[in-house]
Amino acid sequence: MIADNSGNKENYAIRVRKIIYRLSLLFGISELGLILASWLLTAAMPDIQLRSLLSSGGIRWFFSNFATLLASPVLVNILLLAIAWGSITTGGLWSTITLLFSKDGNKLPSQQNFALKASLLLLISEVVFIISLTFFPHAILLGISGELFPSSFSKSLIPIIAFMATSVGAFFSILSGKSRSLFDIGQCLTSAGSWIMPVLLLYIFTAQFFFSLYYVFVN
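What you see is a predicted model; the values in this text were computed from it and never measured.

Rules behind the numbers
- Residues numbered from 1 in each chain as written.
- Predicted model: local features only at pLDDT ≥ 70, side-chain atom pairs only at ≥ 80, totals over all residues.
- Heavy atoms only, no water.
- Helix = DSSP H or I, 4+ residues; strand = E, 2+ residues; numbered from the N terminus.
- Rg over C-alpha atoms; globule rule 2.2 N^0.38 Å.
- 1 Å grid on protein atoms, 1.4 Å probe; cavity = no way out; pocket = protein on both sides within 12 Å on 5 of 7 lines; lining within 4 Å.
- Points joined across faces, edges and corners; volume = space filled by probe spheres on them.
- Nonpolar A, V, L, I, M, F, W, Y, C, P; charged D, E, K, R; others polar.
- Expected span 1.5 Å × (residues − 1).
- Bend = angle between axes of the 7 residues up to and from the residue.
- Buried < 20%, exposed > 50% of the residue type's maximum accessible area, 1.4 Å probe, protein only.
- Contact = heavy atoms within 4.5 Å.
- Core = buried A, V, L, I, M, F, W, Y, C linked by side-chain atoms within 4.5 Å.
- Phe/Tyr/Trp six-rings, centres within 6.5 Å; stacked < 30°, edge-to-face > 60°.
- Axes fitted to C-alpha atoms, helices over the stretch in contact; angles between N-to-C directions.
- Parallel < 35°, antiparallel > 145°, perpendicular 65-115°, else oblique.
- Left-handed = near helix turned anticlockwise from the far one by under 90°.

What follows deals with the overall build of the protein chain. Within the protein chain, the regular secondary structure consists of nine helices and zero strands. Going residue by residue from the N terminus, the α and β elements of the protein chain occur as α-α-α-α-α-α-α-α-α. Its C-alpha radius of gyration of 23 Å places the protein chain more than 25% over the 17 Å reference for a compact globule of 219 residues. Counting only C-alpha atoms, the protein chain reaches 75 × 55 × 30 Å along its principal axes.

Written as structure tokens, this is what we have:
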């Protein structure tokens, strides 16, 4: 049964990556089509309110802004979420929670049971701390007008969630004996590397296509 579950997870991962690669190819082809279309339209109709990506200005825009545009908060959020995912999965927290809610939940080892309770206590402490900075009048993370959206809290929501997941996952991994050294913790936090690169590939093609759309159509 374990081998079957492992095989199912592997097949699922392969299917998801295939979808990511196909989407990346789709946006890559769309980018090439946009480049060609912007050139043809501006050449055929010089008075049209469009900018060509193959003009001198378009080429300069593409090369000078490529890295700057991609270096957005979205990129940082992807990296933080990847670290958090590695922490809660490789660290053993996710599998322990899954086991807890299965029919064999009462067979949870005592060390993992203790680690789970301690991790839950840490999570509650972090949630209470964030609430104290957010949901009270004149809280530090509220906006200037006292609103929650937009505010410092809303702008940092994903990093906050990622930090909480990372810290709780690493804490559980240490207490449960999964991670016994700094090297083990580092491996745990970076274990989503096999997933992050396909996602980043999709991000690059997707982001560049929409930035190019904005350049061509928004003057």
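Moving on: the layout of surface pockets. Roughly 280 Å³ of internal volume is contained in the second largest pocket. In terms of lining, the second largest pocket is formed by 14 residues, of which the most central are Ile88, Leu93, Ile97, Leu123 and Val168. Taken together, the elements giving at least two residues each to the lining of the second largest pocket come down to helix H4 (93-100), helix H5 (110-132) and helix H7 (157-175). When grouped by side-chain class, the residues that make up the lining of the second largest pocket number 13 nonpolar, one polar and no charged.

Our next topic: helix H2 (residues 56-70). Helix length check: H2 (15 residues) gives 21 Å between terminal C-alpha atoms against 21 Å at 1.5 Å per residue, within 8%. At Ser64, H2 shows its largest kink, close to 45°. Residues of H2 that are buried include every one of Gly58, Trp61 and Leu70, and no others.

So, about the environment of Arg22. Along the chain, Arg22 turns up in helix H1 (residues 2-44). Overall, the relative accessible area of 59% leaves Arg22 in the exposed class. For the pair Arg22 and Leu202, spaced 180 residues apart in sequence, the C-alpha separation works out to 9.1 Å.

Take unusual backbone geometry next. Cis geometry is found at the peptide bond from Phe149 to Pro150, where omega equals 0°. Positionally, Pro150 belongs in the loop between H5 and helix H6 (152-155). Phi is positive for His138, close to 65°, though the residue is something other than glycine. Examined against the element boundaries, His138 turns out to sit in the loop between H5 and H6.

Structurally, Ser173 is set in helix H7. Judged by its relative accessible area of 1%, Ser173 falls in the buried class. Ser173 has contacts with Gly91, Lys178 and Ser179, leaving out every residue within four places of it along the chain.

Counting 11 residues, the largest nonpolar core is built from Ile20, Phe27, Leu34, Ile35, Leu50, Leu53, Trp61, Leu202, Phe209, Tyr215 and Val216. Looking at this core, the elements with two or more residues in it are H1 and helix H9 (193-217). Beyond its immediate stretch of four places on either side in the chain, Leu34 contacts Leu53, Phe209, Ser212, Leu213, Val216 and Phe217.

Before going further, it helps to examine the packing of aromatic side chains. For any pair of aromatic rings, the description consists of the separation of the ring centres together with the inter-plane angle of the planes. This model, assessed by the stated rule, comprises eight aromatic pairs. Ring plane angle 50° and centroid distance 6.0 Å describe the contact between Phe27 and Phe210, whose orientation is recorded as tilted. Taken together, the residues Phe27 in helix H1 and Phe210 in helix H9 connect sequence positions 183 residues apart. Among the residues examined, Phe210 registers a relative accessible area of 46% and is labelled partly exposed. Between Trp85 and Trp94 the ring centres are 6.1 Å apart and the planes differ by 50°, which places this aromatic pair in the tilted class.

Attention now goes to the side chain of Gln208. Mapped onto the elements of the fold, Gln208 is located in helix H9. On the accessibility criterion, Gln208 (5% relative accessible area) is buried. Contacts of Gln208, omitting those with residues within four sequence positions, involve Glu31, Trp61, Phe62, Phe66, Leu70 and Tyr203.

Let us look at the packing of helix H3 (residues 73-90) against H7. It is the contact of H3 with H7, at a shortest axis distance of 8 Å, that shows an interaxial angle of 25°. Our classification of the angle between H3 and H7 gives roughly parallel. At the point where H3 passes H7, the crossing takes the left-handed sense. Where H3 approaches H7, its residues Asn77, Leu80, Leu81, Ile83, Ala84, Ser87 and Ile88 are matched on the opposing element by Ile158, Pro159, Ala162, Ala165, Thr166, Gly169 and Ala170. Here the contact of H3 with H7 is built from residues that sort into 10 nonpolar, four polar and no charged.

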